[in-house]
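# Notes for the structure review
The residues making up each chain are set out below.
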Amino acid sequence: DRKSMYNILSVSRNTRLLLSRNDTLALAGFRVVSPRTPEEAPFLALQQDVEAVIIGHSVEPKVRKTLIYAIRHLCPNCLIYFVYSGEQQDEPLADTSIDVTAGNDPLVRELQRKLPRIAAD
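Residues numbered from 1 in each chain as written. Predicted model: local features only at pLDDT ≥ 70, side-chain atom pairs only at ≥ 80, totals over all residues. Heavy atoms only, no water.

### Remarks on the nonpolar core
With 20 residues, the main nonpolar core has Leu-9, Val-53, Ile-55 and Ile-71 as its most contacted residues. The leading source of residues in this core is helix 3 (residues 61–74), at 4 residues. With near-sequence residues (within four places) excluded, Ile-71 lies in contact with Leu-9, Ala-41, Pro-42, Ala-45, Val-53, Pro-76 and Ile-80. Counting residues in hydrophobic clusters, the runner-up holds 16 residues, among them Tyr-6, Phe-30, Ile-98 and Val-100. (Core = buried A, V, L, I, M, F, W, Y, C linked by side-chain atoms within 4.5 Å. Buried < 20%, exposed > 50% of the residue type's maximum accessible area, 1.4 Å probe, protein only. Helix = DSSP H or I, 4+ residues; strand = E, 2+ residues; numbered from the N terminus. Contact = heavy atoms within 4.5 Å.)

Rendered as structure tokens:
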């Protein structure tokens, strides 16, 4: 059922991490879109009607801040997640910061908890 599928905007400067994250999310039943560059994220968020945005730690703090402000303005109900690998980092403007050092499972679990209509089949 396409109606129960959530649109997730996944943003990163690290192509390898981005592709891995997007594959995991797609396998979990999410529809994932990514901009070519992080700066294009707000436009894509508006165009694709997304429910959640994931911003990776490879996006520079200043750019991240600008993106989060823009996305919150365009998409006030979007959940915004900051994901990082390695040393603990925090993005105070995001709803949640998630450590994905050991893989993307914690991110998937958090999304499934917050966006519960996704069937876990």
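### Concerning the pairing of strand 1 (residues 7–11)
With 5 of 5 residues buried, strand 1 lies mostly within the body of the structure. Bridge count between strand 1 and strand 2 (residues 31–33): 3 bridges; the pairing is parallel. Looking across to strand 2, one finds that Leu-9 is bridged to Val-33. The pairing of strand 1 with strand 3 (residues 52–56) spans 4 bridges and is parallel. Its bridge partner being in strand 3, Leu-9 is matched across the sheet by Val-53. (Pairing = 2+ DSSP bridges.)

### Comments concerning unusual backbone geometry
Even without a glycine there, the phi angle at Asp-49 is positive, about 55°. One can find Asp-49 in the loop between helix 2 (41–48) and strand 3. Overall, the relative accessible area of 56% leaves Asp-49 in the exposed class.

### A word on the environment of Leu-18
Structurally, the position occupied by Leu-18 is in helix 1 (residues 15–27). Linking Leu-18 and Ile-55, residues 37 residues apart in sequence, is a C-alpha distance of 9.7 Å. Here Leu-18 is in contact with Ser-10, Val-11, Ser-12 and Ser-34, once residues within four sequence places are set aside.

In short, geometric facts, not functional conclusions.
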